[in-house]
Amino acid sequence: TEMIIRTLSPSKLKRLLSFSLTSHTHPNLINPAPSIPPPVFHPQQHPYSLNPAKTLFLRHSSSPPNTQFPPPPLTRDGNYDESTSQSLLICPGCGISMQGVDRGKPGFFVKPLPKSPDYKQPINQSRFLEETHISDSVKTGMLTEPKNAEQENPNPNSNFSLLEKPLVCSRCHSLRYYGQVKDPTVENLLPDFDFDHTVGRRLNLVTGARTVVLMVVDAVDFDGSFPRVVAKLVSKTIDENYRGWKEGKSGNVPRLVLVVTKIDLLPSSIAPNTFERWVRARAKEGGATKLTSVHLVSAVRDWGLKNLVDDVVGLAGKRGQVWAIGAQNAGKSTLINAIGKCVSGSVTHLTEAPVPGTTLGIVRVEGVLQGQAKLFDTPGLLHPHQISTRLTREEQRLVHISKELKPRTYRIKAGHSVHIAGLMRVDIEVSSADSIYVTVWASPLLPLHMGKTEKISKMLEDHFGRQLQPPIGQSRVAELGEWVRKEVRVSGICWDSSSVDIAAAGLGWFAIGLKGEARLGVWTYDGVDLSVRNALVPHKSRNFEVAGFTISKIVSKADRASNKQQKNEITKKKKVKKPNDSDAAAPASSISLTFDAQPSSS
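For clarity, every value in this text was computed on a predicted model and none was experimentally measured. (Residues numbered from 1 in each chain as written. Predicted model: local features only at pLDDT ≥ 70, side-chain atom pairs only at ≥ 80, totals over all residues. Heavy atoms only, no water.)

Asker: Could you give an account of the overall build of the chain, with specific residues and numbers?
Answerer: Counting its regular elements, the chain contains 19 helices and 16 strands. Residues classed as buried in the chain amount to 40% of the 602 residues present. Pairs at least 24 residues apart make up 74% of the contacts formed inside the chain by residues separated by at least 6 positions. For the chain, the exposed surface amounts to about 35700 Å²; the carbon and sulfur share of it is 54%. (Helix = DSSP H or I, 4+ residues; strand = E, 2+ residues; numbered from the N terminus. Buried < 20%, exposed > 50% of the residue type's maximum accessible area, 1.4 Å probe, protein only. Contact = heavy atoms within 4.5 Å. Areas by Shrake-Rupley, 256 points an atom, 1.4 Å probe, with all protein chains shown as cover.)

If you want it as C-alpha cells, here you go:
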C-alpha cells in the first residue's frame, strides 16, 4: 500500500482518503453514523482548485463586486451637498459617485478584504546552514514567525505603520499607480460639467455665505486654459451684486482670484513683476475685468502658496465657500493638495495625473480652511479649441510640458517655413526685413523642421505621421481635421528680442523677432484657437537651429524605419530583375569585340 500511495497524485490521493473515511465506521459503535457523501465541487462557490498543495499559498487580493452599492445616477455634483454625501459613496479622488456592480460604468470600485495588522511583519530569514537540522515546519511547507518579533524589528512603527489609504474608484487607482485610464470611453457616459447650473446659480444668490472663485490657469498655456466664460460670468455677477449693495439691498459680492500655476515651467529669466503685468493684461482681454488679486504659484516647488493661502483665508472668512475653477489639466487638484499640506500639514486625497479630465465630480475638501469655510474642487472645463483634446494618450504625452521650457530659435528669410511636429506651421510669406528670428516654445519631445515653403506638399506626403509626430501614424492626420491657414501681420523694432507671440491652444507658441513688418501664414487644424499677443518671453536662444529636422528620438526612429523599408524594396527589385547566366555573358563578349576593333581601325 505504501508503494501505491507514493505513485498516486495528490488529487487522486485526496479522493481515496475521503472515500475511505466516509465508508468505514468504528467497530465499537452500536449505531454507526450514516455515510457522508463526498463533497461536490461548485465552480461558482469555490473558484479555486481544491488541491491543498496549490491553495496553501493563495490569497484573495480583493473581494468580488459589492452589490450593496448599486449604480447611482450619472452626475457630476459630487459631494457638494452634505446630505448627498451621506447617502452616496463619493470617491475622494475624483468626486464621482461610486458603485460596485457594473464595471462598464463610471465609479466602479472593489472593496478590499480587511487585512490583519501584522500582515507585513518580517519573515524569519535565517539561513539553513546555521540550523542543526531541517525543522518540521520547512518539511510541511509552513513558514514560522520569529519567536521575538520585537528583536527582529525594534521599531515596527517606522517601517510597517502605514497611513490608512482612502477607498477610491478603480479609475483613480489606475491613474495613481499606472498613470493611465484602462477604458477612457467610460467617461463619455457622464454629462458635461455645466458650470452655469452647478456653480453659476449659486453665485447669483444675493444671500448666504461669501463666495470666492479661484480661477486656475496654466502658465505655459495661458490663453488656451483661460476660462473666458467663467471670467465673464463672475465679473458680471460682481457688477450686479455690487450695484445692489450700493443701493442698500442685500448683495453677496463674489471675489475673483486669478491663480497662475506651473510657473516653474517658464524660463527663470522672466521677472515676476513683468510677468504679473502681462497676466493682468491678458486676463482683462479675456473678460476678467473685476479681479480681486493675482497669484503666481508653483504647487510642485511651493512657490507663492503661503501668500495665496493667507489671501484666500482672509477673503473666505469662517463661513465662506471657495471654488477652484479651471480648464482640464490646469493643475487644480495638484494646487489643492499643496494648499492642504501648507495649511495644516494634512494630506488630501485628490487624484493627480497628467491626463485631461482627472476630476469627474465636485469634491468637498475637508480640514483645509478654518471654521465652517468649505473648499471645493470641480471637474475641469472642456475647451474644444485646445488641440490636446483631439490627441490620444500617447500623443498627449509628447505635447505635455513637464520641464522648464528651453528656446529653439531659427534665423530664416521669406519663403521658408517652420513646423512644430505635425500640429502647427508658420510660413514667412512677405517680409521687409532680410532676416526674421522665429523661436519655438513647446515640449522638447516634439520634433521641429525648417525648410522651403515650396516643398510643403512633399513634406505633408512623406513625413506627416512619421518624422513629424504627433499625429502618430499617417491615418491620424485625416482624423485630426482639416489643415487651415490664418493670416497674421506682425511688426517689430529690433532683432534682439521677440515682439509678438503666435500661440496655439494646448500646444505652445512661436515668438517672432524682427525689425520691420512681415506677413505670416499660420497653419493648424480647423477649430484650434490661435491667439496673437505681446511676447511672453522676449529673449531667444543663443545657438540657432539648422535647416531640416531637429535631433529627436521620433525622427531617429522614423528614419530607421524608412531606411529599412527602402532596403527591403531594393532587395525585392534585385531578386525580380536578376539576369540568368546566358544573358550575363553576352554583354561581356560584345564589349571585348568593340575594344579589340579600335586599334586595328587606326
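From this point, things continue past the structure.
Asker: Can you break down the packing of aromatic side chains residue by residue, with the values?
Answerer: Evaluation of the coordinates by the stated rule reveals eight aromatic pairs. Here W323 and F376 contribute two aromatic rings whose centre-to-centre distance is 4.5 Å and whose plane-to-plane angle is 20 degrees, an arrangement assigned as stacked. With W323 in strand β4 (residues 321-326) and F376 in strand β6 (residues 374-377), this residue pair connects regions lying 53 residues apart in the sequence. With 6.1 Å between their ring centres and 20 degrees between their planes, W441 and W509 make a pair best called stacked. Placement of W441 in strand β10 (residues 436-441) and of W509 in strand β14 (residues 508-525) is noted, with a sequence separation of 68 residues between them. Judged by relative accessible area, which is 1%, W509 ranks as buried. One aromatic cluster in this structure is built from F222, F226, F275 and W278. The ring of Y437 has K540 lying over it, and the distance from NZ or CZ to the ring centre is 4.9 Å. (Phe/Tyr/Trp six-rings, centres within 6.5 Å; stacked < 30°, edge-to-face > 60°. Lys NZ or Arg CZ within 6 Å of the ring centre and 35° of its normal.)

Asker: Lay out the sheet that holds strand β5 (residues 363-365) with the relevant residues and their values.
Answerer: Strand order in the open sheet formed by six strands is β3-β2-β1-β4-β6-β5, with mixed pairing between adjacent strands. The sheet terminates laterally at β3 (293-296) and β5, the two strands that pair on one side only. Shown here is a sheet whose adjacent strand axes are inclined to one another by a mean of 25 degrees, direction ignored. Sitting on the sheet, helix α12 (residues 272-285) is in contact with β2 (255-261) and β3, with an inclination near 130 degrees to β3. Where helix α14 (residues 332-343) meets the sheet, its contacts fall on β1 (211-218), β2, β4, β5 and β6, and the angle it forms with β6 comes to roughly 150 degrees. (Pairing = 2+ DSSP bridges. Axes fitted to C-alpha atoms, helices over the stretch in contact; angles between N-to-C directions.)

Asker: With reference to specific residues and values, describe the packing of helix α13 (residues 305-316) against α14.
Answerer: The packing of two helices is summarised by the inter-axis angle and the distance between the axes. It is the contact of α13 with α14, at a shortest axis distance of 10 Å, that shows an interaxial angle of 85 degrees. Of the possible angle classes, the one that applies to α13 and α14 is roughly perpendicular. Contacts between α13 and α14 involve L305, K306, L308 and V309 on the former and, on the latter, L335, A338, I339, C342 and V343. By residue class, the composition of the contact of α13 with α14 is eight nonpolar, no polar and one charged. (Parallel < 35°, antiparallel > 145°, perpendicular 65-115°, else oblique. Nonpolar A, V, L, I, M, F, W, Y, C, P; charged D, E, K, R; others polar.)

Asker: A description of the pairing of strand β9 (residues 424-431) should follow, citing residues and the corresponding values.
Answerer: Across four bridges, the pairing between strand β8 (residues 416-420) and β9 is antiparallel. Looking across to β9, one finds that S417 is bridged to D427. Between β8 and β9, which pair antiparallel in sequence order, lie three residues; one of them, A421, sits at a positive phi of approximately 55 degrees. Sheet analysis places β9 next to β14, joined by six bridges and oriented antiparallel. Each residue of the ladder has a partner; that of I428, found in β14, is L520.

Asker: Can you explain the pattern of salt bridges? Please cite residues and give values.
Answerer: All told, the structure shown has 18 salt bridges when counted by the stated rule. Between E285 and R282 there is a salt bridge, and its shortest N-O distance comes to 2.8 Å. Here R282 and E285 lie together in helix α12, a separation of three residues that amounts to about one turn. R533 is the salt-bridge partner of D501, the closest N and O atoms lying 3.5 Å from each other. Here D501, found in strand β13 (residues 500-504), pairs with R533, found in strand β15 (residues 530-534); they are 32 residues apart in sequence, far enough to count as distant. In this pair, the class of D501 matches that of R533, namely buried. Each of D223, R282, E285, D501 and R533 takes part in salt bridges that share partners, so that together they form one network. (Salt bridge = Lys/Arg side-chain N within 4 Å of Asp/Glu carboxyl O.)

Asker: Pulling in residues and values, what's your account of the confidence of the model for the chain?
Answerer: Across the chain, pLDDT averages 75, with 66% of residues at or above 70. Overall, residues 18-36 carries pLDDT values under 50, and its contacts beyond four positions in sequence, including any with other chains, amount to four contacts. Overall, residues 38-63 carries pLDDT values under 50, and its contacts beyond four positions in sequence, including any with other chains, amount to 18 contacts. (pLDDT = per-residue confidence, 0-100.)

Asker: Give a detailed account of helix α11 (residues 228-246), specifying residues and quantitative values.
Answerer: Helix length check: α11, at 19 residues, gives a terminal C-alpha distance of 27 Å against a target of 27 Å (1.5 Å per residue), a fit within 8%. Buried within α11 are the following residues: V230, A231, V234, S235, T237, I238, N241 and G244. Backbone geometry just downstream of α11 places G248 in the positive-phi region, at approximately 95 degrees. (Expected span 1.5 Å × (residues − 1).)

Asker: Mind laying out the side chain of Q386, listing which residues take part and the relevant values?
Answerer: If you trace the backbone, Q386 turns up in the loop between β6 and α15 (393-399). With a relative accessible area of 5%, Q386 lands in the buried category. Separated by 2.9 Å, the side chains of Q386 and D221 make a polar contact. Not counting the four nearest positions on each side in its chain, Q386 is found in contact with D221, G224, S225, A505 and G506. (Polar contact = N/O pair within 3.5 Å; in protein donor to acceptor, adjacent residues only side chain to side chain.)

Asker: Break down unusual backbone geometry for me, with residues and values.
Answerer: Note the cis peptide between Q469 and P470, where omega equals -10 degrees. Relative to the elements of secondary structure, P470 occurs in the loop between α16 (456-462) and α17 (475-479). In this chain, P470 is followed by P471 through a cis amide linkage whose omega measures 5 degrees. Residue position: P471 is located in the loop between α16 and α17.

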